[in-house]
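Geometric and topological summary
Next come the chains, spelled out residue by residue.
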Amino acid sequence: MNAVIVTIGDELLIGQVIDTNSVFIAQELEKIGCKVVEKMAIADTEVAILNAFNIYQNKVDLVVLTGGLGPTKDDVTKKTLVRYFNDTLIRNEEVYLHVKQLIEGIYNRPISAVNAQQADVPSKAHILFNNWGTAPGMLLIEDKTTFVSLPGVPYEMKFLVTERLLPYIKKHFSLQNIYHHTVVTAGVGESLLAEYIADWENNLAVDDITLAYLPDLGSVRLRLTKIGGQYEDVATIVKNHAEELKQLIPQYIISEDESVQLIDVVIERLLDKKATISFAESCTGGLLTQNFAEKEGASRYLKGGAVTYATE
């Protein structure tokens, strides 16, 4: 199953707001075996949204849109859905009662016509009820593609993805296992690392495993991925290749935890050896000492440091 994520909003395009929604959605889809093949950020206009629909129609199984579902005039997603699916808006009573309760019960004011319009949804839509806000999620199907529109408010979007969208996908789609295994290296650059492991990397194709290089400051993460098959079998195959890599370049591998930071590895080594560390810093202004000091249990290995900026 392939999916595309479309984020809607001018604020994303000009960098006023950092897009965290697509990151969360991609991670959650990946967990259940839905492969995200592309992301797109577009303006909050009817033309841009229709263009995205036309690009991905029948090209992927699922298109997830987030943003553009507020009560203000610049939010046009719902109107565009009606136009694209040749539909009309109807008032969903369950959503209306929910919006009315939120406005009158929590905000202690009468519901306005603008607020009430949040309950107007395309008649063909399957409603993803939003317990955390006024804008419901909407799911519509056109030929081979399912389109899902979610509000852009992060906590509302997250609720709808985990509690509404993922259960729907699991029920209505055929999913494959996607298994990732990450090996973290340090002390070697990406290009030199690629030379060292070239033969090993070529052998991954035998088991349909792909390899991604994820360089960062001071380290390179190697992510092995295999799609399909029974989870346990796939995991075993991938881990066997990871073991071969560990035998090939043991001096550069620091962890198989993709979230690990180099400082965590250094601290672990210090504790294992019952060793201590201190710093003499200049241009870093004490930053190294601070980074180690803010870790829990720092007194077991950190002696302190001196910040001596002037040469004399």
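Residues numbered from 1 in each chain as written. Predicted model: local features only at pLDDT ≥ 70, side-chain atom pairs only at ≥ 80, totals over all residues. Heavy atoms only, no water.

Describing the pattern of salt bridges
Our working definition: When a carboxyl oxygen of Asp or Glu is within 4 Å of a side-chain nitrogen of Lys or Arg, the pair counts as a salt bridge. Helical segments are the DSSP runs of H or I of at least four residues, strand segments are the runs of E of at least two, and each set is numbered from the N terminus. Here the term buried applies to any residue with accessible area under 20% of the maximum for its type, exposed to any over 50%, and partly exposed to those in between, with areas from a 1.4 Å probe on protein chains only.
This model, assessed by the stated rule, comprises 7 salt bridges. A salt bridge links E28 to K31; the nearest nitrogen and oxygen atoms lie 3.0 Å apart. Of the two residues, E28 and K31 both sit in helix α2 (residues 21-31), 3 residues apart, roughly one turn of that helix. Residue E28 is classed as buried on the basis of its relative accessible area of 11%. Residue classification places K31 among the exposed residues on the basis of a relative accessible area of 64%.

Considerations on the environment of D61
Defined as follows: Throughout, a residue-residue contact means that at least one pair of heavy atoms, one from each residue, lies within 4.5 Å. Polar contacts, as used here, are pairs of N or O atoms within 3.5 Å; protein pairs need one atom able to donate a hydrogen and one able to accept it. Residues neighboring in sequence count only if both atoms are side-chain atoms.
When you line up the elements, D61 lands in the loop between α3 (46-56) and β3 (62-66). Overall, the relative accessible area of 29% leaves D61 in the partly exposed class. C-alpha of D61 to C-alpha of K144: the two residues are 83 residues apart in sequence and 6.4 Å apart in space. Once you skip the residues sitting within four places of it in the chain, D61 turns out to touch M1, N2, K144, T145, T146 and F173. Polar side-chain contacts of D61 include one of 2.8 Å to the backbone nitrogen of N2.

Overview of the sheet that holds strand β9 (residues 178-186)
To keep it simple, the criterion reads: Any two strands are treated as partners once DSSP identifies two or more bridges connecting them. Simply put, an axis is a line fit to the C-alpha atoms, just over the touching stretch for a helix, and the angle between two N-to-C directions goes from 0 to 180 degrees.
What the 4 strands build is an open sheet, ordered β10-β11-β9-β12; its pairing is antiparallel. The open sheet has two edge strands with one neighbour each: β10 (210-216) and β12 (253-255). The sheet shows a mean angle of 35 degrees between the axes of neighbouring strands, direction not considered. Bridge count for β10 against strand β11 (residues 219-227) is 7 bridges, and the pairing is antiparallel. The residue of β11 that forms the bridge with A212 is R223.

Digging into the side chain of T225
By the element assignment, T225 lies in strand β11. When its relative accessible area of 9% is taken as the criterion, T225 is described as buried. Here H180 takes part through its side chain, which lies 2.7 Å from a polar atom of the side chain of T225. When residues no more than four places from it in sequence are discounted, the contact partners of T225 are I178, Y179, H180, D208, I209 and T210.

Looking at a nonpolar patch on the surface
We count it as follows: Put simply, a patch holds well-exposed residues, over 30% relative accessible area, that have no salt bridge, with like charges counted together within 9 Å and Val, Leu, Ile, Met, Phe, Trp or Tyr side chains within 5 Å. Surface exposure here means Shrake-Rupley accessible area, sampled with a 1.4 Å probe, where a residue is shielded only by the protein chains that are shown.
A contiguous nonpolar patch, built from W132, V153 and Y155 and spanning about 330 Å² of accessible area, is present on the exposed surface. Mapping W132 onto the fold places it in the loop between β6 (126-128) and β7 (137-142).

Some details on the side chain of T289
Note on placement: T289 falls in helix α12 (residues 287-293). In this structure, T289 is in contact with F279, E281, L302, G304 and G305, ignoring residues within four places of it in sequence.

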